[in-house]
Structures are given as C-alpha cells and as structure tokens.
Amino acid sequence: MPGFLVGTSMGAITGGMYAQRPDADVLEERIKNLIKSRPFRRVVLDAFSHDGAPDGLGTVHALYGRMKRGYGLLKSAWSTGIVEVPILIDFLSQLLEDRPIEKCAIPFAAAACDLVTGREVMCRRGSMLTAVAASSAIPGVVSPVSVNGRLLVDGAPTSMVAVDAARRLSRLPVVAVSVTQDARGRKPVTNAIDVVLRAGAIARMQITEYNLRDAAVVLRPRVSHFGWADFAAVDAIIAAGEHSAKQALRQIKTVAKGRRNR
C-alpha cells in the first residue's frame, strides 16, 4: 500500500478515491457506475466524447472543436466554463465521500493551480470534494473553484505530474504515472489554430518530462490513442494501466526494498 498519494486532475480523482478506500475493485465499480449514469452521459459523453486528442493536443483541441461547431459558444461569453462547479461536485460525490482529507486512510494531497498568482496549490486539508473539484476543473470546460479566497483550476499548468510536490510532502520514493501524450505527431499543421495547439501540446509535454525527472519509477500506460473524454473505453484504459503497473512491478519492489534496507 502506498504511504502517500498526490494527484493532479484525473489523478486527483482516482488518488482521492483510493486514499479514502484502498480497494481498486470498489474504485473501478464506482467509476463505471458514474459513466453509465444518465446525467453523466448527458453532460459529458454527449457533449465531448466524439472529440479525440490526436497528436497530444488533448483538452484544448477538444474544447476548440466544440467551440468551432458552436457548442457552448454563447455560454462561454458570459460564464467562466461550460460546466458549472456544482455539476462537477455532484458527479464527484458519486465517487468520493464528502469528509475531510485529513481523515483519509492514506495521506493525500490534490494539486491545483492558482489562476491569479500562477502558483501551485496543494490541497491537503478540508473538503475532499472541493479539493478534487479544484484539481480537476479543466480551464474553459469547468468553471474555476473558489477555495479560501483563491481561484483554483486544474493543476496541470503547474503540476502535470506532481512529483516535486510528492517529494516535498513525503520522504518515500516517488512512483509517478504519466498519461501525457507525445506531441511530436505526424498530423499536418494546416492553419494558425493548429500551430497554437501544437505549440501548447509541446509545452505540456516538456513540462511533464521536467516534472518526472526526480521520480524513482515512471509508469507510462499506452493510452495515447484515446481521447481525453473517451470514458466509454474505460475497460481498455484500465487494462492499459494494469499492464503498465505489472511491467514496472519488479522495479517498484526493488525501489521499496532499497528504502527498507536504509
């Protein structure tokens, strides 16, 4: 069992779930039940599931695709996100228990980004739902979350993979999981929007590699062919994660053994 969990965005959701109840089967069941629910399908799947993330363009590409086709365009003019925070928290409440982070079975922190100062914010105390909502509030898709006077969004701009934070919060070796896509794709760049999106994707890829430099073990599940909202492919995505973990198991055990022998 891990001694500390730190997560960003979807990593904060799954990390928070496991921190509250360290049971992978329960975690998987809850996620699948949410994906099958009618409200989730209406708000998320029907709106974004057809937006892939080719060549590492990810969420920004998907959001641009929706805007280009008129979806959410009017709302984006007078709101800070297509999905309001209460809707996100309602979904999260089906995955997480609404109790203080301090009461988790495993110590946990969610990484978010302060939209005003640009600094990384580690949510370690207070409401689990609020902390995870802040860490997973994708800019432009979900409205920013107000926490203790700060305006917080998805932690990706400052902590694509929160290795530095994990090293600050715990002396244990860090096992990191990266699902950032390789932006060096072969898809042709045909217009100015493509140029901007590709440049942003390259920046995210470079930030991720920098974040991973101090991890003892890095897992890289082969999920680059899935779009950011391919929730219907949950079984295949979970299988890819399990395969990656099994491949790294010997390395993880070696690192853990070295830690115990010190």
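Shown above is the structure to which this text applies.
In this text the structure is predicted, and so the values were computed from the model without any measurement.

Colleague: What should I look at first to understand the overall build of the protein chain in this one?
Modeller: Each helix and strand in the protein chain was counted, giving ten helices and nine strands. Counted over contacts in the protein chain with a minimum sequence separation of 6, partners at least 24 positions apart contribute 71%. Of the roughly 14,400 Å² of accessible surface on the protein chain, 55% is carried by carbon and sulfur atoms.

Colleague: Looking at this structure, how should I read the environment of Pro-173?
Modeller: Tracing the backbone through its elements, the reader meets Pro-173 in the loop between α8 (163–169) and β8 (175–177). Taking the C-alpha atoms as reference, Pro-173 lies 7.5 Å from Ala-256; in sequence the two are 83 residues apart.

Colleague: Whenever I open this one, the side chain of Ser-135 confuses me. Can you help?
Modeller: Turning to its location among the elements, Ser-135 is positioned in helix α7 (residues 128–135). Accessibility expressed as a relative area gives 0% for Ser-135, which makes it buried. A polar side-chain atom of Ser-135 sits 3.0 Å from the main-chain amide nitrogen of Ser-9. Discounting chain neighbours no more than four positions away, the residues touching Ser-135 are Gly-7, Thr-8, Ser-9, Ala-12, Ala-110, Ala-111, Ala-112, Val-153, Asp-154 and Gly-155.

Colleague: Got a minute to help me understand the pairing of strand β7 (residues 150–154) in this structure?
Modeller: In summary, the side chains of a regular strand alternate between the two faces of the sheet. The pairing of strand β3 (residues 108–114) with β7 spans three bridges and is antiparallel. Across the sheet, Asp-114 pairs through a bridge with Leu-152, a residue of β7. Sheet analysis places strand β6 (residues 145–147) next to β7, joined by three bridges and oriented antiparallel. In the sheet register, Val-147 faces β7, and the bridge partner there is Arg-150. Counted along the chain from β6 to the antiparallel partner β7, the turn is two residues long, and its residue Asn-148 has a positive phi close to 50°.

Colleague: What is the right way to read the side chain of Thr-208 from this model?
Modeller: Summarising the element assignment, Thr-208 is placed in helix α9 (residues 192–211). Each residue touching Thr-208, except ones within four places of it in the same chain, is listed here: Met-160, Val-161, Ser-178 and Thr-180.

Colleague: Could you clarify how one ought to interpret the pairing of β3 in this entry?
Modeller: Counting buried residues along β3, seven of its seven residues qualify, which places the element largely inside the surrounding structure. The two faces of β3 match: Phe-108, Ala-110, Ala-112 and Asp-114 on one face and Ala-109, Ala-111 and Cys-113 on the other face are all buried. By the bridge criterion, four bridges tie strand β1 (residues 5–8) to β3 in an arrangement that is parallel. Residue pairing for β3: Leu-5 is matched across the bridge by Phe-108. As defined by bridge partners, β3 adjoins strand β4 (residues 120–123) across four bridges and the pair is classed as antiparallel. Within β4, the residue paired with Ala-112 across the bridge is Val-121. Counting the residues that bridge the hairpin from β3 to β4 gives five residues, and of these Gly-118 lies at a positive phi of roughly 80°.

Colleague: Is there a simple way to explain helix α6 (residues 85–92) in this structure?
Modeller: Residues spaced three or four apart along an α-helix point in a common direction, a consequence of the helix completing one turn every 3.6 residues. Among all positions of α6, only Val-85, Leu-88, Phe-91 and Leu-92 are buried. Axial view of α6: buried residues confined to an arc of 125°, hence all on one face.

Colleague: How should I be thinking about the packing of α6 against α7 in this particular structure?
Modeller: Two quantities define a packed helix pair, namely the angle between the axes and the distance from one axis to the other. Running from N to C, α6 and α7 point in directions that differ by 120°, and their axes come no closer than 10 Å. The crossing of α6 and α7 is right-handed. Together, Leu-88, Ile-89 and Leu-92 of α6 and Leu-129, Val-132 and Ala-133 of α7 make up the contact between the two elements. Within the contact of α6 with α7, the residues separate by chemical class into six nonpolar, no polar and no charged.

The rules behind the values
Residues numbered from 1 in each chain as written. Predicted model: local features only at pLDDT ≥ 70, side-chain atom pairs only at ≥ 80, totals over all residues. Heavy atoms only, no water. Helix = DSSP H or I, 4+ residues; strand = E, 2+ residues; numbered from the N terminus. Contact = heavy atoms within 4.5 Å. Areas by Shrake-Rupley, 256 points an atom, 1.4 Å probe, with all protein chains shown as cover. Buried < 20%, exposed > 50% of the residue type's maximum accessible area, 1.4 Å probe, protein only. Polar contact = N/O pair within 3.5 Å; in protein donor to acceptor, adjacent residues only side chain to side chain. Pairing = 2+ DSSP bridges. Arc of directions from axis to C-beta. Axes fitted to C-alpha atoms, helices over the stretch in contact; angles between N-to-C directions. Left-handed = near helix turned anticlockwise from the far one by under 90°. Nonpolar A, V, L, I, M, F, W, Y, C, P; charged D, E, K, R; others polar.

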